[in-house]
Amino acid sequence: MKRIMTIQDISCIGKCSLTVALPIISAFGVETAIVPTAILSTHTQFQGFTFRDLTDDLEPIKEHWKKEGFEFSAIYSGYLGSERQIEIVRDYVRTFRGKDTFTIVDPVMADNGKLYAGFDDHFPEKMAGLCREADVILPNLSEAALMLGVPYPGEDASPEVTKELLKGLTKFCSGAVVITGVTLEDGTFGFMGFDGKTGTHFEYGNPKVPFKSHGTGDIFASTFTGALAKGFTVLDALKLAADYVTACIRNTYEDQNRVNYAVNFEEELPWLMERITSNRSINNPAERR
């Protein structure tokens, strides 16, 4: 069985970070090894959440795994709470990256053009350094602009502007650079990317659902990582991730009893598991059930 390492926080309630990475990657039939960077009572949308920093535990975990000789098919990092954690994660990658180990960095640090609370202006530069270790990076528009030190183009950035951001990000990652949460020329919502190995642009979108929620980026990155480990190509893994996120958002939008802090990813896990072994399209409602 393949094994994936994922390094990010645990929000005990909130359906994000490790609480979505573990079940989603496991749905692909892949062992999921977690490295928790912090424990929060809820994610940061809530007021008064508790926070326990686990930075001091990261080195002992790494040394124990190293002693045991554990190997990993992929290493996937998400939210990291400090510059020190970024440096430790770079060391994790250098320690455990084998000849065939794939490294995915989701540089979780910003939305709507603003850094998350607790990050200073130097944080994007440090995150860009971690991106240099990756085979694939998955920033949103805010994170892309901050790492490049350019003005935030807004949620409805034109495809031309997004392509310029992609071009700039290639100096941090020579593999696949993907910007998530973008509006495409045909009005659909999805991702745009650039493959540094082939020099080609690619994009994919689904009809936009008028609903926004916390944690969808973590769901996207986790689905993408699991699909890669299952043998999907990079592009097919990205498409599956986009389809699954859309299914989760649509499910939540249609649910009159939904919570206001996350999407119903659990209810769409059976659809995801069926999709792993089929080619059914999310855009045909008759095929969703």
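Quick caveat: nothing in here was measured; it's all calculated off a predicted structure.

Participant: I tried to follow the pattern of salt bridges on my own but got confused; where do I start?
Facilitator: Two side chains of opposite charge can pair, provided their charged atoms sit close to one another. Tallied over the full model, the rule gives 13 salt bridges. Here D91 and K62 are joined by a salt bridge, their closest N and O atoms 2.3 Å apart. Taken as a pair, D91 in helix α3 (residues 83-96) and K62 in helix α2 (residues 55-68) lie far apart in primary sequence, 29 residues in all. The class of K62 is buried, set by a relative accessible area of 5%. Salt-bridge contacts for R97 lead to E133; the nearest nitrogen and oxygen are separated by 3.2 Å. Highlighted residues: R97 in the loop between α3 and β5 (102-105) and E133 in the loop between α4 (123-131) and β8 (136-137), separated in sequence by 36 residues. Assessed through its relative accessible area of 35%, R97 is described here as partly exposed. Each of E59, K62, E63 and D91 takes part in a single network of salt bridges with overlapping partners.

Participant: Mind showing me how you'd approach the pairing of strand β9 (residues 176-183) here?
Facilitator: For β9, the tally of buried residues reaches 6 of 8 residues, placing the bulk of the element in the interior. Two elements, β8 and β9, share 2 bridges in a ladder whose sense is parallel. Bridge assignment links V136 to a residue of β9, and that residue is A176. In this antiparallel pair of consecutive strands, β9 and strand β10 (residues 189-195), the connection spans 5 residues, and G187 shows a positive phi of 90°.

Quick notes on the rules
- Residues numbered from 1 in each chain as written.
- Predicted model: local features only at pLDDT ≥ 70, side-chain atom pairs only at ≥ 80, totals over all residues.
- Heavy atoms only, no water.
- Salt bridge = Lys/Arg side-chain N within 4 Å of Asp/Glu carboxyl O.
- Helix = DSSP H or I, 4+ residues; strand = E, 2+ residues; numbered from the N terminus.
- Buried < 20%, exposed > 50% of the residue type's maximum accessible area, 1.4 Å probe, protein only.
- Pairing = 2+ DSSP bridges.

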